[in-house]
Amino acid sequence: MKFNFNPKTLLFGFLSLPFLLASCKKEVVTEAPPMKVNVVKAIQSDVPLYEDFVAQVYGQSDVDIRARVEGWVTSVNFKEGSAVKKGQLLYTIDDIEYKNRLDRQASEVTQATTELVRAESELSRVRPLTELNALSKKDLDNAVAEFEAAKAHVAATKSSLENAKVELGYTRVLAPFDGIVGISNVREGDYVSRTGTSILTTISSVTGVRVRFQISEREYLRIAQLTPEEIEGAKNNVQLMLADGSIYSEMGTVNFADREIDPSTGTMTIESTFPNPNGLLRPGLFVKARILFSTYAGAVMIPQRAVVQLQHISQVYVVGESDSLKVTTIEPGPKVGDAWIIKSGLKAGDRVAIIGSAGVTPNAKIEVVEQKWPEENK
């Protein structure tokens, strides 16, 4: 058999081979599954708007106990950090010097009283004689002067005696009221002086406490423009947030505002009072004073993490009925906890995607993962 070999025919066959093979393969198109995205619903509620201020607790009364006489401390009669009663003995100071002074003053009172009796007797003798012209008017005047001087001397010595009694009493340092006594700054054998600046200890009354905090000039001006009803409501709705994040069980009341803005700090001091029946609050404790200024009625809220901020624009990804994403521009209002109040752009019940760092695009279809939004975020 004879084959007719044509080079052109062979070349054409080789060139058409890839096209023939490609036409024999079945084209396969693979679509990626929709991305899973967490979705929450916008909620609506009346939201109380609080403002928090860093504050510090003070006792209802915080009194520094100081020595009012000089001497050696002979005893310390309390347990540091314990509760004490009004009139309870705290310290005794060596009283020998003051007892001796008291005895001297008592002796001087006796002498002055004796002198007064003598002067009175002399006056009683001179007056009738003067009336009979047996003695001169000058003798009567001298007798009267001696009597008045003796009377004044008695009054002076009695006053000194009372002072000596008071100073002797100061050698016993007593608690001025019921409270909690602090650490003692002196020990038995220490010398104390009333002219010194040393504090023996401090007593605080903690049945109620004072809480002080500062507001800035801007905050003062904004608060000053509230209505009288709003200000009155704020004054009577003060909460305390403790260091562990818990809310103190008792409500407080604003007690006073300072008369001026401190020029060195640009702040005004506000004080509020709180009952402290269980003694939980102690002086020096740092807390947050939370004040209710107003209530935002019918607020629409979503989690802050659902909001995407681009410069001055705030946007959210709204999930449509077909589970596709639509970018919506919103107007955010105040932040409340981890939520954001939305003034416009959303309504209650709208489903909002929490994108995070997920690489999704507008109009993309997603697999919705419903997330419950806790009630405490309202």
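All values reported here derive from a predicted model rather than from experimental measurement. (Residues numbered from 1 in each chain as written. Predicted model: local features only at pLDDT ≥ 70, side-chain atom pairs only at ≥ 80, totals over all residues. Heavy atoms only, no water.)

Draft legend 1. Fine view of the overall build of the protein. Assigned secondary structure in the protein consists of five helices and 19 strands. Burial analysis of the protein (378 residues in total) assigns 34% to the buried set. Contacts spanning at least 24 positions in sequence make up 76% of the contacts within the protein whose residues lie at least 6 apart. As displayed, the protein offers around 23,900 Å² of accessible surface, 54% of which is attributable to carbon and sulfur atoms. (Helix = DSSP H or I, 4+ residues; strand = E, 2+ residues; numbered from the N terminus. Buried < 20%, exposed > 50% of the residue type's maximum accessible area, 1.4 Å probe, protein only. Contact = heavy atoms within 4.5 Å. Areas by Shrake-Rupley, 256 points an atom, 1.4 Å probe, with all protein chains shown as cover.)

Draft legend 2. Region of interest: the environment of F286. Mapping F286 onto the fold places it in strand 13 (residues 286-303). Setting aside residues no more than four positions away along its own chain, F286 makes contact with A55 and Q56.

Draft legend 3. Local environment of the packing of helix 2 (residues 96-131) against helix 3 (residues 137-170). Between helix 2 and helix 3, the least distance of the axes is 8 Å, while the angle of their chain directions is 160 degrees. Judged by the angle between their axes, helix 2 and helix 3 are roughly antiparallel. Handedness of the crossing formed by helix 2 with helix 3: left-handed. Partitioned by chemical class, the residues of the contact of helix 2 with helix 3 number 18 nonpolar, six polar and 14 charged. (Axes fitted to C-alpha atoms, helices over the stretch in contact; angles between N-to-C directions. Parallel < 35°, antiparallel > 145°, perpendicular 65-115°, else oblique. Left-handed = near helix turned anticlockwise from the far one by under 90°. Nonpolar A, V, L, I, M, F, W, Y, C, P; charged D, E, K, R; others polar.)

Draft legend 4. Representation of the sheet that holds strand 8 (residues 191-192). Spatially, four strands are ordered 6-5-3-8 in an open sheet, and the strand pairing comes out antiparallel. A strand with exactly one partner marks an edge of an open sheet, and here the two such strands are strand 6 (172-174) and strand 8. Pairing of strand 3 (residues 71-76) with strand 5 (residues 89-93), which is carried by three bridges, proceeds in the antiparallel orientation. Note on strand 5: the bridge partner recorded for S75 is T92. (Pairing = 2+ DSSP bridges.)

Draft legend 5. Region of the structure containing the nonpolar core. One finds L90, Y91, V192, L200 and I203 to be the most contacted residues of the largest nonpolar core, which totals 23 residues. Listed by contribution, the elements that provide at least two residues to this core are strand 5, helix 2 and helix 3. Membership of the second largest hydrophobic core comes to 22 residues, among which are V211, I215, A234 and I291. (Core = buried A, V, L, I, M, F, W, Y, C linked by side-chain atoms within 4.5 Å.)

Draft legend 6. Quick look at unusual backbone geometry. A positive phi angle is found at N133, which is not glycine, with a value near 60 degrees. Looking at the element boundaries, N133 is found in the loop between helix 2 and helix 3. A relative accessible area of 68% means that N133 is categorised as exposed. In the Ramachandran plot, D323 falls in the positive-phi region, its phi being about 60 degrees despite a non-glycine side chain. Within the secondary structure layout, D323 lies in the loop between strand 15 (313-319) and strand 16 (325-336).

Draft legend 7. Focus on the pattern of salt bridges. Within this structure, the stated rule accounts for 20 salt bridges. A salt bridge links R101 to E97, with the nearest nitrogen and oxygen atoms 3.0 Å apart. On the criterion of helical spacing, the pair formed by R101 and E97 is a turn pair, its members being four residues apart in helix 2. Ionic pairing is found between K165 and E162, a salt bridge with its closest N-O pair at 3.7 Å. Remark: E162 and K165 occur in helix 3; sequence separation between them is three residues, near one turn of the helix. Overall, K165 belongs to the partly exposed group, its relative accessible area being 42%. (Salt bridge = Lys/Arg side-chain N within 4 Å of Asp/Glu carboxyl O.)

Draft legend 8. A look at the packing of aromatic side chains. For the structure shown, the criterion picks out four aromatic pairs. With a centroid separation of 5.4 Å and 80 degrees between ring planes, the pair formed by F78 and Y91 is classed as edge-to-face. Of this pair, F78 sits in the loop between strand 3 and strand 4 (83-84) while Y91 sits in strand 5; the two residues are 13 residues apart in sequence, bridging distant segments of the chain. The residues F78 and Y91 share a single accessibility class, namely buried. (Phe/Tyr/Trp six-rings, centres within 6.5 Å; stacked < 30°, edge-to-face > 60°.)

Draft legend 9. Expanded view of helix 2. The terminal C-alpha atoms of helix 2 lie 53 Å apart, and with 36 residues this matches the ideal 52 Å at 1.5 Å per residue to within 8%. Listed as buried for helix 2 are Y98, L102, Q105, V109, A112, L116, A119, L123, V126 and T130. Looking one or two places after helix 2, you find N133, whose phi comes out positive at around 60 degrees. (Expected span 1.5 Å × (residues − 1).)

Draft legend 10. Summary view of the pairing of strand 10 (residues 238-241). Alternating positions in strand 10 separate into two faces, V238 and L240 on one and Q239 and M241 on the other, with burial throughout. When strand 10 meets strand 13, the two strands line up antiparallel, connected through four bridges. Looking across to strand 13, one finds that L240 is bridged to A289.

Draft legend 11. Quick look at the pairing of strand 17 (residues 339-344). Two elements, strand 13 and strand 17, share four bridges in a ladder whose sense is antiparallel. The residue bridging P303 from the neighbouring strand is A339, located in strand 17. Alignment of strand 16 against strand 17, held across four bridges, turns out to be antiparallel. Note that in strand 17 the partner of V336 across the bridge is A339. Adjacent in sequence and paired antiparallel, strand 16 and strand 17 are bridged by two residues, among which G337 carries a positive phi angle near 65 degrees.

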